[in-house]
Amino acid sequence: MYIVLIYLFSFLHATPNYTFVEEATSAPEIVYYDYIIIGGETAGCPLAATLSQNARVLVLERGGSPYDNPNITNMENFSNTLSNTSPTSPTQHFTSEDSMFNVRARILGSGTALNVGVYSHASTCYVKEAVEKLVVFKPPKVDYQVVVRDGLLEAGVLPYNGFTYDHLYGIKIGGTKIGGTIFDRKGHRHMVANLLEYAVIGQEYLRKITIYLHATVYKILFRYNNGTTRPQAYGGVFKDASGVFHKAYPMKSSKSLNEIILSAGAIGSPQQLMLSGIGPDDHLQAHGIKVVLDQPLVGQGMVDNPMNMLMIPSPVPVEVSLTQIVGITRFGNYIEANSALMPPKAMVEAVETINSIAKKTFKGSVIVEKVPYPLSSGYLKLWNANPKDNPAITFNYFKEPEDLRGCVLGMSTIMNVIDTYPFSKFWPQHPSAALSLEKFCIDTIITMWHFNGGCQVGKVVDRDYKVLGVDVLRVIDATVMMLGRYMGEKILHERRSHGRK
Ligand SMILES: Cc1cc2nc3c(=O)[nH]c(=O)nc-3n(C[C@H](O)[C@H](O)[C@H](O)COP(=O)(O)OP(=O)(O)OC[C@H]3O[C@@H](n4cnc5c(N)ncnc54)[C@H](O)[C@@H]3O)c2cc1C
């Protein structure tokens, strides 16, 4: 075991030699695997690596590889990827129907190749320790983050919980913590794609996993077996970068153990269901899509965490840091801070404003507040039948008054933090009490990029994430919950109990 771990760790600081990752242009016209996973997503990568221990797995990812791109791998370049609007960018930009500027991932490893890297884990029964050994780290000590920690504590965000991966919330177990990060001590990003290392061992001989890049899935195919009226997913159609279409089929299995698994994200999965004919009857027909199953709840329940922030210009230089310290207030708000970064669009506009006032380069930090479990929700609809285009998404931020109240409480905490002694060297002024925090929250809302929903449990999928009303199709991604490795092991267990090795 020790030797295996050394073997695994030896890969971590170099670009992995994934011989099983190929451009989709090299794919045959028709391919057969036990599992077809649509999307190399945060749950999809560990799911694929786990399933490949006992089955043949194909992953179809519409984006490219995250390796050898310093904008992705180096923390200091974090915002360059987010502001890249080219058609081949790893970020696909969209504006929600609420006029919120936002981004979604288009790359192997999905959001973990773009994100801020804050890591906390689910309850321990779902946690696989090895995952944390491979991609999660304790952040280095950064003076500015120490100031944030001390400010939070002085402002009453107690107790201090030290370094922990635990997801602390609620009145009794909130407080201030040092959270995990997917950036290592040198500021290099580690992503879920690194978990494909699990699939490397034995690969040369067994060839149990294949990942096609720039493979955009256009639709899932359905049929009806032996005169039944229940649709069964039996394949998928994908297009490579040269515009050539290919088909991928799960190998025939008498016990229907082989499956198609949608792991295309909170936006991609409900969109793909609709494009494949599962969704609201009238909406699909309006786009000329043949209805396989009238399912009015596909695309419903879209939620995004509203985020608001204060930008704090500093008279002294501030080290570059992404989030290390997380304060969870007794009202449930998350308070996080980043320093000395040139941030993405909404932040860039704010920086430009500040610069034009200050007439000097921005030095400073941002402290953000997130409403953790917003009650406001919306829906996703298609604009057209092209899977490469964004669908129309409405989040209805702050529709529920409780969410706005949550923002006000969070912003009050931030103002208390910057009024503390540790913060005095960054922010010598006292925050203005005359500010209307309700107005501030509404006027300055931005996204936390944590959108989810669209394929809700009990409405679109069952508790095993199988799509209701059809066979051989699951959704395993942030749409439902990010339990890739856990679900992989569960599915393998089901496989073994049916006598498949
Ligand atoms: C800027 C930013 C910062 C964030 N910060 C944090 C953080 O600090 N901590 C944290 O826990 N979370 C953070 N998140 C959120 C987190 O990264 C996501 O919740 C997570 O990655 C899962 O996202 P998702 O399920 O929506 O999938 P997505 O990220 O949308 O991934 C879906 C994948 O499927 C692929 N795909 C979609 N459609 C198709 C198709 N038709 N054919 C083939 N492939 C397809 C996409 O290319 C993509 O790779 C952040 C996100 C962003 C964008």
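Residues numbered from 1 in each chain as written. Predicted model: local features only at pLDDT ≥ 70, side-chain atom pairs only at ≥ 80, totals over all residues. Heavy atoms only, no water.

**Overview of the overall build of the protein chain**
So, step 1. Secondary structure assignment for the protein chain yields 15 helices and 26 strands.
So, step 2. Counting every position in the protein chain, which comprises 501 residues, the buried fraction comes to 56%.
So, step 3. Across the protein chain, the fraction of contacts at a sequence separation of at least 24, relative to all contacts at a separation of at least 6, is 72%.
So, step 4. When the accessible surface of the protein chain is totalled, it reaches about 21900 Å², and 55% of it is carbon and sulfur. (Helix = DSSP H or I, 4+ residues; strand = E, 2+ residues; numbered from the N terminus. Buried < 20%, exposed > 50% of the residue type's maximum accessible area, 1.4 Å probe, protein only. Contact = heavy atoms within 4.5 Å. Areas by Shrake-Rupley, 256 points an atom, 1.4 Å probe, with all protein chains shown as cover.)

**A short note on unusual backbone geometry**
So, step 1. In this chain, Leu 158 is followed by Pro 159 through a cis amide linkage whose omega measures 0°.
So, step 2. Within the secondary structure, Pro 159 sits in the loop between helix H6 (143-154) and strand S8 (160-163).
So, step 3. The phi dihedral of Tyr 465 is positive, around 65°, even though this residue is not glycine.
So, step 4. Within the secondary structure, Tyr 465 sits in the loop between strand S25 (446-447) and strand S26 (473-475).

**Describing the packing of helix H2 (residues 44-51) against helix H15 (residues 484-497)**
So, step 1. Between H2 and H15, the least distance of the axes is 7 Å, while the angle of their chain directions is 30°. Here H2 lies roughly parallel to H15, going by the angle between them. Two packed elements cross with a definite hand, and for H2 against H15 that hand is right-handed. Contact with H2, carried on its side by Pro 46, Leu 47, Thr 50 and Leu 51, involves Gly 484, Arg 485, Met 487, Gly 488, Glu 489, Ile 491 and Leu 492 of H15 and no other residues of that element.
So, step 2. Each residue belonging to the contact of H2 with H15 can be placed in one class, and the counts come to six nonpolar, three polar and two charged. (Axes fitted to C-alpha atoms, helices over the stretch in contact; angles between N-to-C directions. Parallel < 35°, antiparallel > 145°, perpendicular 65-115°, else oblique. Left-handed = near helix turned anticlockwise from the far one by under 90°. Nonpolar A, V, L, I, M, F, W, Y, C, P; charged D, E, K, R; others polar.)

**Topic: the sheet that holds strand S2 (residues 30-33)**
The pairing of strands in a sheet happens through backbone hydrogen bonds and is either parallel or antiparallel.
So, step 1. Reading across the sheet, the four strands line up as S2-S14-S13-S12 and stay open at both edges, with mixed pairing between neighbours. Edge positions in the sheet fall to S2 and strand S12 (216-224), since each of these pairs with one other strand and no more. Geometrically, the sheet is characterised by an average inter-axis angle of 25° between neighbouring strands, direction not taken into account.
So, step 2. By the bridge criterion, eight bridges tie S12 to strand S13 (residues 231-239) in an arrangement that is antiparallel. In the strand pairing of S13, Ile 220 is matched with Gly 236. (Pairing = 2+ DSSP bridges.)

**Notes on the side chain of Asn 308**
So, step 1. With respect to the element layout, Asn 308 can be found in strand S19 (residues 306-313).
So, step 2. Judged by its relative accessible area of 0%, Asn 308 falls in the buried class.
So, step 3. In terms of polar contacts, Asn 308 uses its side chain to reach the backbone carbonyl oxygen of Cys 441, at 2.9 Å.
So, step 4. Residue contacts for Asn 308: discarding those within four places in its chain leaves Ile 367, Val 368, Glu 369, Phe 398, Cys 407, Met 411, Phe 440, Cys 441, Thr 444 and Ile 445. (Polar contact = N/O pair within 3.5 Å; in protein donor to acceptor, adjacent residues only side chain to side chain.)

**Topic: the sheet that holds strand S11 (residues 209-213)**
So, step 1. The strand order across the open sheet formed by six strands is S1-S11-S4-S3-S15-S26, and the pairing between neighbours is parallel. The sheet is open, and its two edges are formed by strand S1 (21-23) and S26, each paired on a single side. Ignoring which end each strand starts from, the neighbouring axes of this sheet average 20° apart.
So, step 2. Bridging between strand S3 (residues 35-38) and strand S15 (residues 259-262) involves four bridges; their strand directions are parallel. For Ile 37, the partnering residue across the bridge sits in S15 and is Ile 261.
So, step 3. Across the sheet, H2 lies against S3, strand S4 (57-60), S11 and S15, angled at about 170° from S3, the strand it touches most.
So, step 4. Sitting on the sheet, H15 is in contact with S3, S15 and S26, with an inclination near 155° to S26.

**Focus on the pairing of strand S22 (residues 364-370)**
So, step 1. Within S22, seven of the seven residues are buried, which leaves the element mostly enclosed by the surrounding structure.
So, step 2. The alternating pattern of S22 places Gly 364, Val 366, Val 368 and Lys 370 and Ser 365, Ile 367 and Glu 369 on opposite faces, both of which are buried.
So, step 3. Note that S19 and S22 share seven bridges and pair antiparallel. Note on S22: the bridge partner recorded for Ile 312 is Ser 365.
So, step 4. Summarising the sheet, strand S21 (residues 334-339) and S22 pair through six bridges and their orientation is antiparallel.

**Remarks on the nonpolar core**
So, step 1. Ranked by size, the top nonpolar core spans 122 residues in total, and within it Tyr 144, Leu 196, Ile 367, Phe 423 and Leu 473 carry the most contacts.
So, step 2. Top element by residues in this core is helix H13 (residues 401-418). It accounts for eight residues.
So, step 3. Contact partners of Leu 473, with chain neighbours within four places excluded, come to Ile 220, Phe 222, Ala 233, Ile 260, Leu 273, Ile 278, Tyr 465, Lys 466 and Val 467.
So, step 4. Val 103, Leu 114, Val 116 and Ile 182 belong to the second-largest nonpolar core, a separate cluster that totals nine residues. (Core = buried A, V, L, I, M, F, W, Y, C linked by side-chain atoms within 4.5 Å.)

**Points about the UniProt feature "binding site: FAD" (unreviewed entry) in the protein chain**
So, step 1. Taking the numbering used here, the UniProt-annotated feature "binding site: FAD" (unreviewed entry) corresponds to Asn 115, Val 116, Gly 117, Val 118, Val 217, Trp 449 and His 450.
So, step 2. According to the relative accessible area criterion, Asn 115 is partly exposed, its value standing at 29%.
So, step 3. With residues near it in sequence (within four places) discarded, Asn 115 still touches Phe 78, Ile 182, Phe 183 and Arg 189.
So, step 4. His 450 has contacts with Val 303, Asp 304, Asn 305 and Lys 370, leaving out every residue within four places of it along the chain. (UniProt positions renumbered as here; feature names shortened; annotations may be inferred.)

**Quick look at the pattern of salt bridges**
So, step 1. Per the stated rule, a full pass over the model turns up nine salt bridges.
So, step 2. The closest approach of N and O atoms between Lys 490 and Asp 464, which form a salt bridge, is 2.6 Å. Here Lys 490 is found in helix H15, whereas its partner Asp 464 is found in the loop between S25 and S26, with 26 residues between them in sequence.
So, step 3. Taking relative accessible area as the criterion, Asp 464 reaches 25% and is therefore assigned partly exposed.
So, step 4. A salt bridge links Arg 474 to Glu 494; the nearest nitrogen and oxygen atoms lie 3.1 Å apart. Taken together, the residues span a long stretch of sequence, with Arg 474 in strand S26 and Glu 494 in helix H15 at a distance of 20 residues.
So, step 5. Arg 474 sits in the buried class, given a relative accessible area of 1%.
So, step 6. The class for Glu 494 is partly exposed, based on a relative accessible area of 24%.
So, step 7. A single salt-bridge network, built from bridges that share partners, covers Glu 259, Arg 474 and Glu 494. (Salt bridge = Lys/Arg side-chain N within 4 Å of Asp/Glu carboxyl O.)

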